[in-house]
Amino acid sequence: MSAAVNASAGWGDVFAEVNPYSISATGIGLALGLSVLGAAWGIFLTGSSLLGAAVKVPRIRSKNLISVIFCEAVAIYGVIISIILQTKLTAPDDMTNVTRQMYYAGYSIFTSGLTVGIANLSCGICVGVTGSGCALADAQNASLFVKILIVEIFGSALGLFGVIVGIIQSSKATFT
Amino acid sequence: SPLTLARPQYTQPQRVRPLAMASALSELLFFNTNDGYPEAILRGYRSGILTTQDYANLTQCESLDDMKLHLQCTDYGNFLQNEPSPLATTVIHERCLEKLVNDFKYLRAQCYEPLNKFLEYVTIEYMIDNVVLLVNGALHGRDMNELLEKCHPLGMFESMATLCVAQTTEDLYKLVLEDTPLGPYFKDQVKFEDLDEMNIEVIRNTLYKAYLEDFYQFCKKLGGVTAEVMCEILEFEADRRCINITINSFGTELTKDDRRKLFPEIGTLYPEGLLRLGRADDMDGVKAALEGFPVYRGILNDVEYDADKSLEDAFYEHAANLNKLAFMQQLHYGVFYAFVKLKEQEIRNIVWIAECISQQQKTRINQYIPIF
């Protein structure tokens with residue numbers, strides 16, 4: 001814990017000096033931030049096409065809101081994960097002694113948050129691009145909607161994969 | 001794309017570049033921010049283009065009033081409501097064009113850069129026709145208000161009325177350079193003295209060549225799917241212009257040098273085909289020049305063996321096919337250009353059918369170009 005520069009200090013020492021609480025808090029922030037980014041991206045991708053296509057063909061409005069709901073689900077996954085992870089951040093009695101357990105908890109919560117965040121980001125974008133195509137295709141030919149919806153369902157499963165792995169990654173993390 | 005396989009590759013095949021992939025990804029991710037709404041509106045318009053079923057109904061009409069009834073069930077709706085009967089084909093043409101212009105104006109109002117610039121490029125073609133009409137009228141002292149009514153509505157711009165008040169040729173030239181969007185096309189190509197001396201058709205073709213090359217470079221700079229789709233279409237336009245200029249110049253006093261100067265140099269025919277076309281003296285020369293280009297050889301063969309089809313029709317058909325293909329991809333600007341061209345073709349079809357019906361000559365009524 002000393003600030004003196006040691007001749008044999010290396011990158012390991014740099015990482016060891018960073019407080020595990022801050023690392024895990026960053027992970028929680030990433031989980032929520034990237035998930036919401038993905039959801040928002042998906043919604044604007046779908047929404048702009050939906051608005052334009054609905055001018056000519058108003059019947060597509062209600063059905064194609066499903067694409068927007070799939071994107072929204074991605075943001076909800078992010079919220080759930082960040083709440084679950086946040087409950088693991090219990091305050092310790094003694095901060096001078098950083099134990100191995102705390103390092104493990106810090107890193108596992110960080111990577112769990114990163115996993116969920118990036119998975120949800122990709123999922124949101126995927127569902128958004130597909131939803132945009134779905135709105136345009138549905139406007140031209142109503143029978144195409146259900147078929148393209150199946151593509152979107154597979155896309156939204158990606159977010160779930162991220163959530164599952166994230167929960168497994170952080171299951172053994174406790175700070176005390 | 002499947003289209004590029006049909007053409008022999010005279011250039012090196014392109015390597016996959018990371019920046020190109022990044023631009024493809026950026027299209028997917030960022031196109032809808034600014035251009036998603038206009039594209040979706042445009043696809044709504046596209047679904048209203050008349051299909052073969054609509055044309056089948058129209059060709060069976062007995063009179064223009066029947067046509068009006070059938071057109072009411074299509075996207076055109078009640079556009080002919082306030083016209084007094086008996087209808088004339090010119091009235092139908094005007095109203096159809098008016099609908100296209102209104103749709104286009106709505107679209108333009110929703111757009112940001114660079115889609116705005118792209119749509120302006122689409123209208124410059126009509127602006128060239130209008131400006132040439134007005135300049136010619138001003139030089140020969142015609143009534144400007146009459147000419148303003150004859151202008152193509154898609155090519156209207158604000159400073160048109162000022163062109164009418166120019167007193168001398170010099171004023172006119174300066175006004176055209178400064179006020180109109182065509183200034184850059186006039187600057188190097190058409191000098192002040194040429195306005196009086198050059199044949200009006202030569203001026204029009206010179207301007208069109210400059211415009212086409214400019215548009216092509218703009219689309220290339222946009223890159224991605226837009227470049228892919230638009231460059232294909234514009235190359236065909238350039239080639240078609242070259243062939244038409246060559247054929248129309250037989251028997252006129254246009255020298256071969258002058259003819260060569262009017263060819264836009266962006267098509268597949270550049271440089272060898274244009275060299276040979278520049279030297280051609282008659283249709284056999286043209287056929288020999290196009291021997292090495294399978295697409296145009298095929299078109300010329302079709303025209304030779306089919307008595308009813310003219311070269312013009314064959315070109316329109318090929319252009320309609322290229323424009324249809326633009327709709328096969330999402331997230332690019334080519335659909336906007338293709339829509340305007342296909343709507344124009346549809347208006348030509350409707351007017352053709354209307355003329356055949358009104359003149360009671362139904363033998364050739366099925367020679368319209370089917371679109372969808």
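Please refer to the structure placed before this passage.
As the structure is a prediction and not an experimental result, all values here were calculated from the model. (Residues numbered from 1 in each chain as written. Chains lettered and ligands numbered in written order. Predicted model: local features only at pLDDT ≥ 70, side-chain atom pairs only at ≥ 80, totals over all residues. Heavy atoms only, no water.)

Now for the interface of chain A and chain B. Opposite the 16 residues of chain A that make contact, chain B presents 17 residues. When residues of chain A are sorted by the area they lose upon contact with chain B, A:Lys56, A:Leu136 and A:Gln140 head the list and together hold 36% of the total. Where chain A touches chain B, the interface holds 1 salt bridge. The shortest N-O distance in the salt bridge between B:Asp75 and A:Lys56 comes to 3.3 Å. Where chain A meets chain B, there are 10 residue pairs in polar contact (both at pLDDT 80 or more). (Contact = heavy atoms within 4.5 Å. Buried area = accessible area lost by both parts, 1.4 Å probe. Salt bridge = Lys/Arg side-chain N within 4 Å of Asp/Glu carboxyl O. Polar contact = N/O pair within 3.5 Å; in protein donor to acceptor, adjacent residues only side chain to side chain.)

Glancing now at the environment of B:Phe218. Residue and element names in this part refer to chain B. Along the chain, Phe 218 falls in helix α12 (residues 200-222). The class for Phe 218 is buried, based on a relative accessible area of 11%. For the pair Phe 218 and Glu 83, spaced 135 residues apart in sequence, the C-alpha to C-alpha distance is 42 Å. Ignoring any residue separated from it by four or fewer positions in sequence, one finds Phe 218 in contact with Pro 114, Lys 117, Phe 118 and Tyr 121. (Helix = DSSP H or I, 4+ residues; strand = E, 2+ residues; numbered from the N terminus. Buried < 20%, exposed > 50% of the residue type's maximum accessible area, 1.4 Å probe, protein only.)

Among the structural elements, A:Trp41 can be located in helix α2 (residues 20-56). Distance from A:Trp41 to A:Val127, taken between C-alpha atoms, is 9.6 Å for residues 86 residues apart in sequence. Once residues within four sequence positions are removed from consideration, A:Trp41 is found in contact with A:Leu121, A:Ile125, B:Leu29 and B:Phe30.

Here we take up helix α19 (residues 334-358) of chain B. Residues and elements named next belong to chain B. The first and last C-alpha atoms of α19 sit 36 Å apart over 25 residues, in line with the 36 Å expected at 1.5 Å per residue. The element α19 is extensively covered by neighbouring structure, given that 21 of its 25 residues are classed as buried. A positive phi of about 60° marks Gln 360, the residue just after α19. (Expected span 1.5 Å × (residues − 1).)

Time to look at a negative patch on the surface. Residue and element names in this part refer to chain B. Side chains of Glu 94, Asp 143, Glu 146 and Glu 149 sit close together on the surface and give a patch of like negative charge. Among the structural elements, Glu 94 can be located in helix α5 (residues 89-109). For Glu 94, a relative accessible area of 47% gives the class partly exposed. (Patch = residues over 30% accessible without salt bridge, like charges linked within 9 Å, V, L, I, M, F, W, Y side chains within 5 Å. Areas by Shrake-Rupley, 256 points an atom, 1.4 Å probe, with all protein chains shown as cover. Lys, Arg positive; Asp, Glu negative; His and termini not counted. Charge placed at Lys NZ, Arg CZ, Asp CG, Glu CD.)

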